[in-house]
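Coordinate analysis (summary)
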Amino acid sequence: MSERIAIVGAGALGGYVGGYLAQAGHDVTLIDPWPEHVETIRRHGLSLDGVTESERFVVTRARTMHLTEVQSLANEAPIDIAFVSVKSYDTVWACALIEPHLAPGGFVVSLQNCLNEERIAGVVGWGRTVGMVASLISVDLHEPGRIRRTVAKGGERHTVFRVGE
C-alpha cells in the first residue's frame, strides 16, 4: 500500500508538486479553498506547463477537494504525509484542518516560501513537523487549473527541494 499524500493549498507551488507526485503514481489528494480552481481540475485535470515540451501535461490522477469537503477524509484511511503549501498567515488553520486526518506516524511538511516550522509544530507537534526549502523553482497559477513553471530546470545540478534540518 502506498503512502497517502495530501497537499493543503493546491495553488502554484502545492499544485505543481502535487501534480508531479500524482503523475508519478502516488496517492495524492489536492485540497484548495478556491472553488473555481477545484472544479476546473475535477472537470479537465490539472494542466502543468513549463519551459520544455516534456514539462507539459495534464494530471488526471489527483483527487481534488474543496476545504469544505475535508471532513469526508474521516471515513477513509489516514493521511501519511501532508504538505502545507499556503501563505504564511494561513499556516495554522491549514495544519489544524489536516491534523485530525493524519496517521499516527504521519507528519506535516512545510512546502512554503518561508520558515513556518514553529507554527506547524504548534499544531501537530515537533515530532510530526518536517521543514523543507523549495529553491530554484518559479511557478505561477495563471488561471484555474493551470500552473506553469517559468524558469528552466538546472540539469544535473538541479536541486529543488532540501528536506529536514
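Structure first, text after, so check above.
So, here is what we can say about the structure in this document.

To continue, consider the packing of aromatic side chains. Note on aromatic pairs: each is described by the distance of the centres and the angle between the planes. By the definition in use, this model includes 2 aromatic pairs. When the ring of Tyr16 is compared with that of Tyr20, the centres are 4.9 Å apart and the planes differ by 50 degrees; the resulting orientation is tilted. With Tyr16 and Tyr20 both in helix H1 (residues 12-23) and 4 residues apart, this pair spans about one turn of that helix. The buried category is assigned to Tyr16, whose relative accessible area is 5%. For the pair Tyr20 and Phe57, a centre-to-centre distance of 5.1 Å together with 80 degrees between the ring planes defines the contact as edge-to-face. Of this pair, Tyr20 sits in helix H1 while Phe57 sits in strand S4 (residues 57-59); the two residues are 37 residues apart in sequence, bridging distant segments of the chain. Given a relative accessible area of 16%, Phe57 falls into the buried group. Taken together through their ring pairs, the aromatic side chains of Tyr16, Tyr20 and Phe57 make up a single cluster.

In this section: the pairing of strand S7 (residues 102-110). In this sheet, S7 lies alongside strand S6 (residues 79-84) in parallel orientation, the contact comprising 5 bridges. If you follow Ala82 over to S7, its bridge partner there is Val108. The parallel pair S6 and S7, bridged by helix H3 (residues 91-98), forms a crossover whose chirality is right-handed. Across 2 bridges, the pairing between S7 and strand S8 (residues 129-130) is parallel. Opposite Val109, over in S8, you have Val130 as the bridge partner. Each parallel crossover has a hand, and for S7 linked through helix H4 (residues 117-124) to S8 it is right-handed.

Parameters at a glance
- Residues numbered from 1 in each chain as written.
- Predicted model: local features only at pLDDT ≥ 70, side-chain atom pairs only at ≥ 80, totals over all residues.
- Heavy atoms only, no water.
- Phe/Tyr/Trp six-rings, centres within 6.5 Å; stacked < 30°, edge-to-face > 60°.
- Helix = DSSP H or I, 4+ residues; strand = E, 2+ residues; numbered from the N terminus.
- Buried < 20%, exposed > 50% of the residue type's maximum accessible area, 1.4 Å probe, protein only.
- Pairing = 2+ DSSP bridges.
- Right-handed = clockwise from strand over helix to strand, strands pointing away.

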